[in-house]
Each structure stands twice: as structure tokens, then as C-alpha cells.
Amino acid sequence: MKIYSFQKLEVWKESIELVKYFYKITNVFPSEEKFGLVSQLRSSSVSISSNLSEGTSRNTNKDKAHFTTMAFSSAMEVLNQLIISKELNFISENDYILVRNKLEKITNMLNALRKTQLNA
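Described in the following lines is the structure provided in the data block. (Residues numbered from 1 in each chain as written. Predicted model: local features only at pLDDT ≥ 70, side-chain atom pairs only at ≥ 80, totals over all residues. Heavy atoms only, no water.)

## Looking at the overall build of the protein chain
Note the following rule: Elements are defined by DSSP. Helices are runs of H or I of four residues or more, strands are runs of E of two residues or more, and each kind is numbered from the N terminus. Throughout, radius of gyration means the C-alpha value; the globule benchmark is 2.2 Å times the number of residues raised to the power 0.38. In what follows, a contact means two residues having at least one pair of non-hydrogen atoms within 4.5 Å. Only the protein chains shown count as covering a residue, and every accessible area follows the Shrake-Rupley method with a 1.4 Å probe. Here the positive residues are Lys and Arg and the negative ones are Asp and Glu; neither His nor the chain ends is included. By convention, the charge on Lys lies at NZ, on Arg at CZ, on Asp at CG and on Glu at CD.
Check the secondary structure of the protein chain and you find 4 helices and 0 strands. Sequence-ordered secondary structure for the protein chain, helices as α and strands as β, is α-α-α-α. Here the C-alpha radius of gyration of the protein chain, 15 Å, is about what a compact globule of 120 residues would show, namely 14 Å. Based on the C-alpha atoms only, the size of the protein chain along its principal axes is roughly 45 × 30 × 20 Å. For the protein chain, restricting intrachain contacts to residue pairs at least 6 apart in sequence, the fraction spanning at least 24 positions comes to 69%. Summed over its atoms, the accessible surface of the protein chain is roughly 7200 Å², and 52% of this surface lies on carbon and sulfur atoms. On the protein chain, the mean spot of the 16 positive side-chain charges and the mean spot of the 12 negative ones are 9 Å from each other.

Here it is, written out as C-alpha cells:
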């Protein structure tokens, strides 16, 4: 089976782990949030890895950097929804801190990747 270039990116691997984590922790959200925060958190976290994978198929470094920026924007969307989830007491303080740290690592990696793409 062929391994595509996005699958080799450490930031893509980290973002997939984040998706899996969100699927796990949102299972305990109130059922009325199924089409609200649960759907939004899952979708926006998936968008991080999706934008990274789409960006690797682009021909120019500028286009690749654009999709890396889109992935960063999705990470900020996740952060906003995470804060809201914490404020509504849908997640524990420990989960909140854990995910904040994961997001910080991912956004730092995205920034580094974008700089590399723009300077290539």
C-alpha cells in the first residue's frame, strides 16, 4: 500500500490523534449536543488533518502554505469550541489542559511547516 506524503508529516499524525481523542471525549457530552458542539468539535478537528492532506497535493509552495494556514485556522476553531465546552462543564479540567497542550503542539508544528513551505 502506498504511503502518501501527508502521512509522513508528524503534524498530520498528531492531528489524527487529536481527532481520535475528540471522538472519545465527546461521547459523554449531553445528547442534545449531538448536532451542536459534538458535531462541531469532531468536524473542525478532522479539518486540521484534511487541510494538511489536501495541501500536500498542491503544486506550489504558496498553495501548500495556504492549506497549512487553513489547518491552523481549524485548530483555532477547535480551541474556541474547547473553551466553550469547558465553560459549559462538558469536559473536565484535566481533559481541557491535555487538549490545550495537544493543540499548542500542533499549532507550533503548523507554524514551523508553514515557514518551511514559504521559504522553500
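## Describing the packing of aromatic side chains
Quick note on the threshold: Planes of paired rings set the category: under 30 degrees apart is stacked, over 60 is edge-to-face and the rest tilted, where pairs are Phe, Tyr or Trp rings (Trp by its six-membered ring) whose centres lie within 6.5 Å. The classification of residues rests on relative accessible area computed with a 1.4 Å probe and restricted to protein chains. Under 20% of the type maximum is buried, over 50% is exposed, and intermediate values are partly exposed. In this scheme, the term charge over a ring applies when either NZ of a lysine or CZ of an arginine sits within 6 Å of the ring centre and within 35 degrees of the ring normal.
What the rule picks out here adds up to 3 aromatic pairs. Aromatic pair Tyr4 and Phe6: ring centres 6.3 Å apart, planes at 15°, arrangement stacked. Exposure remark for Phe6: the relative accessible area of 18% places this residue in the buried category. With a centroid separation of 5.2 Å and 70° between ring planes, the pair formed by Phe6 and Trp12 is classed as edge-to-face. On the accessibility criterion, Trp12 (16% relative accessible area) is buried. Three or more aromatic residues joined by ring pairs make a cluster, and in this case those are Tyr4, Phe6 and Trp12. The lysine or arginine in question, Lys102, covers the ring of Tyr21, its NZ or CZ lying 5.5 Å from the ring centre.

## Considering the pattern of salt bridges
Where we set the bar: The working definition used for a salt bridge is a side-chain nitrogen of Lys or Arg within 4 Å of a carboxyl oxygen of Asp or Glu.
If you walk through the whole model with that rule in mind, you get 5 salt bridges. The residue Lys13 makes a salt bridge to Glu10 at a minimum N-O spacing of 3.2 Å. Highlighted residues: Lys13 and Glu10, both in helix H1 (residues 10–25), separated by 3 residues, approximately one helical turn. A residue is classified by how much of its surface remains accessible, and Lys13, at 35% relative accessible area, is partly exposed. Lys20 serves as the salt-bridge partner of Glu17, at 2.9 Å between the closest nitrogen and oxygen. You can see Glu17 and its partner Lys20 sitting in helix H1, 3 residues apart, about one turn around the helix. Glu17 gets classed as partly exposed once you look at its relative accessible area, which sits at 38%. Look at Lys20 and you get partly exposed, because its relative accessible area is 49%.

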